[in-house]
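Chain by chain, the residues:
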Amino acid sequence: QVQLVESGGGLVQAGGSLRLSCAVSGRTAGSVYMGWFRQAPGKERTFLAVVNWNSGGTYNADSVKGRFTISRDNAKNTLYLQMNSLLPEDTAVYYCAARVRRGSYVYSTNKADYDYWGQGTQVTVSS
C-alpha cells in the first residue's frame, strides 16, 4: 500500500509562486512513476507532470511547460511541484498520484493508469 499526502496549497497572486509537496509512505516494490494532476470545479482531472522516481526523468504537459517543475527527493520520500508565474486559470485542487509496476515501463499521462492518489490540496490564484 502507498499513502500520499499533498500539502503546500494556498492563495497566491497572479505571477507568484508556490511549491506543493507530496509525502509518500508505504512500501513500493517495482518501478514507480509519480505524477501531478489538477482539477478545477466542473472540469476533468487533468495531467500536469510526471517523474520517474527511480531515474528522475520528467515529462510535463504543454499547459505548464516552462512554469511548473516536478521533482522528487528520494531521501525525504517527497514529491514536489514548483509552480511559477501562476495564473488565475491555475486555480484548482492539485493531486499527486503514484503508478507502480514491476520492471521497466513507460510513463502515462492518463489518470486511469495511476494506482494511488492523495487527498488533494487547493491552489487559488487571484488576479
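Right above here is the structure, for reference.
Rules used throughout
- Residues numbered from 1 in each chain as written.
- Predicted model: local features only at pLDDT ≥ 70, side-chain atom pairs only at ≥ 80, totals over all residues.
- Heavy atoms only, no water.
- Pairing = 2+ DSSP bridges.
- Helix = DSSP H or I, 4+ residues; strand = E, 2+ residues; numbered from the N terminus.
- Axes fitted to C-alpha atoms, helices over the stretch in contact; angles between N-to-C directions.
- Core = buried A, V, L, I, M, F, W, Y, C linked by side-chain atoms within 4.5 Å.
- Buried < 20%, exposed > 50% of the residue type's maximum accessible area, 1.4 Å probe, protein only.
- Phe/Tyr/Trp six-rings, centres within 6.5 Å; stacked < 30°, edge-to-face > 60°.
- Lys NZ or Arg CZ within 6 Å of the ring centre and 35° of its normal.
- Salt bridge = Lys/Arg side-chain N within 4 Å of Asp/Glu carboxyl O.

A closer look at the sheet that holds strand 7 (residues 68-73)
Point 1. Here we have 4 strands laid out as an open sheet, ordered 1-3-8-7, and antiparallel in their pairing. What marks the edges here is a single partner per strand, and that holds for strand 1 (3-7) and strand 7. Within the sheet, the average angular offset between the axes of one strand and its neighbour, ignoring direction, is 15°.
Point 2. Alignment of strand 1 against strand 3 (residues 18-25), held across 5 bridges, turns out to be antiparallel. The residue bridging Ser-7 from the neighbouring strand is Ser-21, located in strand 3.

Considerations on the nonpolar core
A general trend in soluble globular proteins is that nonpolar side chains are found buried together.
Point 1. In this structure, Met-34, Trp-36, Leu-79, Leu-81, Met-83 and Tyr-94 are the most contacted members of the largest nonpolar core, which totals 37 residues.
Point 2. Of all elements in the fold, only strand 3, strand 4 (31-39), strand 5 (46-52), strand 7, strand 8 (78-83), strand 9 (92-101) and strand 11 (121-126) reach the threshold of two or more residues within this core.
Point 3. A total of 6 residues in this core trace back to one element, the largest contributor, which is strand 9.

Brief notes about the packing of aromatic side chains
Point 1. Applying the stated criterion to the full structure yields 8 aromatic pairs.
Point 2. By the ring-pair criterion, three or more aromatic residues cluster together here, those being Phe-37, Phe-47, Tyr-59, Tyr-95, Tyr-107, Tyr-114 and Trp-117.
Point 3. Taking the ring centre of Tyr-95 as reference, the NZ or CZ of Arg-45 above it sits at 3.6 Å.

What to know about the pattern of salt bridges
Point 1. According to the stated counting rule, one finds 4 salt bridges in the structure shown.
Point 2. Arg-38 is paired through a salt bridge with Asp-90; the nearest N and O atoms lie 2.8 Å apart. Of this pair, Arg-38 sits in strand 4 while Asp-90 sits in the loop between strand 8 and strand 9, placing them 52 residues apart in sequence.
Point 3. Taking the relative accessible area as the measure of exposure, Arg-38 reaches 12% and is therefore buried.

What to know about the pairing of strand 7
Point 1. Relative to strand 8, strand 7 is paired through 6 bridges, and the arrangement is antiparallel. Directly across from Thr-69, in strand 8, lies its bridge partner Gln-82.
Point 2. Between strand 7 and strand 8, which pair antiparallel one after the other, the connecting turn spans 4 residues, and Asn-77 there sits at a positive phi close to 50°.

Here's the deal with the pairing of strand 3
Point 1. Both strand 3 and strand 8 contribute to a ladder of 6 bridges, which runs antiparallel. When the bridges of strand 8 are listed, Leu-18 appears paired with Met-83.

Considerations on unusual backbone geometry
Point 1. We note that Asn-77 has phi near 50°; this positive angle belongs to a residue other than glycine.
Point 2. Note on placement: Asn-77 falls in the loop between strand 7 and strand 8.
Point 3. Of note in the backbone geometry, Ser-85 takes a positive phi value of approximately 50° without being a glycine.
Point 4. Assessed through its relative accessible area of 39%, Ser-85 is described here as partly exposed.

Description of the environment of Lys-111
Point 1. Summarising the element assignment, Lys-111 is placed in the loop between strand 9 and strand 10 (116-117).
Point 2. With 13 residues separating them in the primary sequence, Lys-111 and Ala-98 have C-alpha atoms 9.8 Å apart.

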